[in-house]
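Residue-level listing of the chains:
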Amino acid sequence: MSGMIFEEYFDKFLNKQSFSGQKSNQMAISKEEYESLKTKMKNFELLAEKHKEIKSQNDKLLKEIDDMKEDGKNFKKLMEEKENYFKSLLRIRADFENYKKISERENDKYKSYVMERILKKLIDHHDDLVRALNLIKILENMGGIKDGFEIIVKNFEKVLEEEGVKRMKSEGEKFDPYKHEAIIVEEGRDDLPENTILEELEKGYYLNNKILRPAKVKISKNNRNINNQNKKKKRNKNKKKKKKKKNKKKKEKIKKMNI
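These figures come from a predicted structure and were not determined experimentally.

Student: Can you help me understand the nonpolar core in this one?
Tutor: Among the nonpolar cores identified, the biggest contains eleven residues, and these are Leu119, Ile123, Leu129, Leu133, Val153, Phe156, Leu160, Val165, Tyr205, Leu207 and Leu212. At the level of elements, α1 (31–138), α2 (143–162) and β6 (205–207) are the ones that each hand at least two residues to this core. When residues in this core are grouped by element, the largest group, four residues, is from α1. Ignoring anything within four residues of it in the chain, the contact list for Leu119 reads Leu160, Glu163, Val165, Leu207 and Leu212. Counting five residues, the second-largest nonpolar core is a separate cluster that includes Met168, Ile197, Ala215 and Val217.

Spelled out as C-alpha cells, the structure:
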C-alpha cells in the first residue's frame, strides 16, 4: 500500500523512527488515515467557526441581558415615580372633593341667606297689604277694591306657602325667647300661668321648620313674681348697704392705726 508523506504535522509523531531505523521529522500514514484526518480537520474548522459564531451570539445576548437589567432598573424607577404620582393624584382628588363639598355648602348657605332676606321683605310687604285690606274693609263703598285686595293677599300668601313659609301660632302659648319677642308685659294676671302670650302684635313665621321671623307678643306677669322680684331687689340693696358700712369701718380702723 502506497503511503503519503507529511512533514511535522502532529507533535506526538515527531519522535517516531523511519523505516531506516533513524529519527526523522517525516511521518508516513495511509490514505484512509489521511482522509480521516482531513475530515476531522474540516469538522474542527467548522466547529471553530461555529464556536466563534456562538460566542458572538453569546456576547450579544449578554449585552442584551445587561441592557434589560438597566431597563429593569429604569422600569422600577418609573414604577416608583408612577406610584408617587398616583398617590399625589389621589391627594389632589381628595382635596378637590373636599373643596367641592365646602363650596357647595357655602353656596347653599349663601342661597339660604339670600332667600331668607327676600322672604322677610315679602312678609313685610304682606303685612302692609293686610293693613291696607283692613283699612279698606272699614271704608264704605269699597266692595270692588276690597275683593281685589283680598285676591292679591291670598295670591301673596300662596306664593309664600310654596316657598315653605308657614305662619306661627303664638296666642295662648307659653312664651319662648327663641320664637317670640316680648314687647308688652301685662302685670297682675294671676288667672294665667306666668309668661302666657296674651296677644300677637306682629305675626311670626317659619321657613321649613326654621324660625324666619319671631312673633312680637304681649305676655302675662303674676303679682306673686313681681312681689318676689321686689323683695329680691330690696335684699340686694340691703346687702350692698351692709357691705359699704363694713368697708367704711375697716378704712376708719386703718386710718386710726396709722395715726
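After that view of the structure, there is still more to cover.
Student: Could you clarify how one ought to interpret the confidence of the model for the protein in this entry?
Tutor: When pLDDT is low, close inspection of the predicted coordinates is not appropriate. Looking at the protein, the pLDDT average stands at 78 and 80% of residues meet or exceed 70. Here strand β1 (residues 4–7) stands out as the least confident element of the protein, with mean pLDDT 42; β6 is the most confident, with 92. Under a pLDDT of 50 for its full length, residues 1–22 has, in the predicted model, 29 contacts with residues more than four places off or in other chains.

Student: How do you make sense of the sheet that holds strand β7 (residues 210–213) when you look at a structure like this?
Tutor: Within a beta sheet, neighbouring strands are joined by backbone hydrogen bonds and run either parallel or antiparallel to one another. Taking strand neighbours across the sheet as the criterion, the three strands line up as β3-β6-β7 in an open arrangement whose pairing is antiparallel. The open sheet has two free edges, formed respectively by β3 (165–167) and β7, since each of these has just one partner strand. Geometrically, the sheet is characterised by an average inter-axis angle of 40 degrees between neighbouring strands, direction not taken into account. Direction of pairing for β6 relative to β7: antiparallel, over a ladder of three bridges. Of the residues in β7, the one forming a bridge with Tyr206 is Ile211.

Student: Honestly, a positive patch on the surface in this entry has me stumped. Any pointers?
Tutor: A cluster of basic side chains, namely Lys237, Lys240, Lys241, Lys242, Lys244, Lys245 and Lys246, defines a positive patch on the protein surface. Within the secondary structure layout, Lys246 lies in helix α3 (residues 223–258). On the basis of relative accessibility, which here comes to 58%, the residue Lys246 falls in the exposed class.

Student: I keep staring at the sheet that holds strand β5 (residues 197–202) and nothing clicks. Help me out?
Tutor: Read across the sheet, three strands follow the order β4-β8-β5 without closing on themselves; strand pairing throughout is mixed. Looking at the sheet topology across the chains shown, the edges are occupied by β4 (180–187) and β5. Each adjacent strand pair in this sheet contributes to an overall mean axis angle of 30 degrees, direction not counted. In the sheet, β4 pairs with strand β8 (residues 215–221) via seven bridges, with the strands oriented parallel. From the neighbouring strand, Glu181 faces β8, where its bridge partner is Lys216.

Student: It is not clear to me how the pattern of salt bridges should be interpreted in this structure. Could you clarify?
Tutor: Between side chains of opposite charge, a pair can form when the charged atoms approach closely. In this structure the tally under the stated criterion is 14 salt bridges. Note that Lys146 and Glu150 form a salt bridge whose closest N and O atoms lie 3.5 Å from each other. Here Glu150 and Lys146 lie together in helix α2, a separation of four residues that amounts to about one turn. Its relative accessible area of 25% is what places Lys146 among the partly exposed residues. Given the relative accessible area of 24%, Glu150 is considered partly exposed.

Student: Even after reading the chapter, I still don't get unusual backbone geometry, so can you show me in this structure?
Tutor: In terms of backbone geometry, most residues other than glycine have negative phi values and most peptide bonds are trans. Despite not being glycine, Asn195 shows a phi value in the positive range, around 65 degrees. Take Asn195: it is sitting in the loop between β4 and β5. Under the relative-accessibility criterion, Asn195 is labelled partly exposed at 21%. Phi is positive for Asn209, which is not a glycine, with a value near 70 degrees.

Student: In this structure, what is going on with the layout of surface pockets? I would like to understand it.
Tutor: Over the atoms, a rolling probe the size of a water molecule traces out where space has been left empty. Roughly 180 Å³ of volume is contained in the second largest pocket. Listed by contribution, the elements that provide at least two residues to the lining of the second largest pocket are α1 and β5. The biggest single contributor to the lining of the second largest pocket is α1, with five residues. Classifying every residue of the lining of the second largest pocket gives three nonpolar, two polar and seven charged.

Each value, and the rule that gives it
- Numbers given for residues are sequential positions, taken from 1 along each chain in its written order.
- Residue-level local features of this predicted model are given only where pLDDT is at least 70; pairs of side-chain atoms are given and counted only at 80 or more, and the full residue set underlies all totals for whole chains, interfaces and linings.
- Hydrogens and water are ignored here; the side-chain numbers use all heavy atoms of the structure.
- Take the buried residues of types Ala, Val, Leu, Ile, Met, Phe, Trp, Tyr and Cys, join any two whose side-chain atoms come within 4.5 Å, and each joined set is a nonpolar core.
- We call a residue buried when its accessible area falls under 20% of the maximum for its residue type, exposed when it is over 50%, and partly exposed in between, using a 1.4 Å probe and counting protein chains only.
- Helix and strand assignments follow DSSP, with helices taken as H or I runs no shorter than four residues and strands as E runs no shorter than two, numbered in order from the N terminus.
- Here a residue-residue contact requires only that any non-hydrogen atoms of the pair lie within 4.5 Å.
- Each residue carries a pLDDT score, the predictor's confidence in it, ranging from 0 to 100.
- For two strands to be treated as a pair, DSSP must find no fewer than two bridges joining them.
- As a rule, the C-alpha atoms of each element are fitted with a line to give its axis, helices using only the stretch in contact, and angles between N-to-C directions run from 0 to 180 degrees.
- Grouping into patches uses exposed residues only, defined as over 30% relative accessible area, and leaves out salt-bridged ones; the cut-off is 9 Å for like charges and 5 Å for nonpolar side chains (Val, Leu, Ile, Met, Phe, Trp, Tyr).
- Where accessible areas are quoted, they stem from the Shrake-Rupley method and a 1.4 Å probe; at the residue level, only the protein chains shown are allowed to cover.
- One side-chain nitrogen of Lys or Arg within 4 Å of one carboxyl oxygen of Asp or Glu is enough to make a salt bridge.
- His is not counted, nor are the chain ends, whereas Lys and Arg count as positive and Asp and Glu as negative.
- The atom standing in for a charge is NZ when the residue is Lys, CZ when it is Arg, CG when it is Asp and CD when it is Glu.
- Grid points spaced at 1 Å and placed over the protein atoms alone form the basis of the search, with a cavity being a set where a 1.4 Å probe fits but cannot get out and a pocket an open set showing protein on both sides within 12 Å along at least five of seven lines. Lining residues have an atom within 4 Å of a point.
- Grid points are joined across faces, edges and corners, and a volume is the space filled by probe spheres set on the points.
- The residue classification treats Ala, Val, Leu, Ile, Met, Phe, Trp, Tyr, Cys and Pro as nonpolar and Asp, Glu, Lys and Arg as charged. All others, Gly included, are polar.

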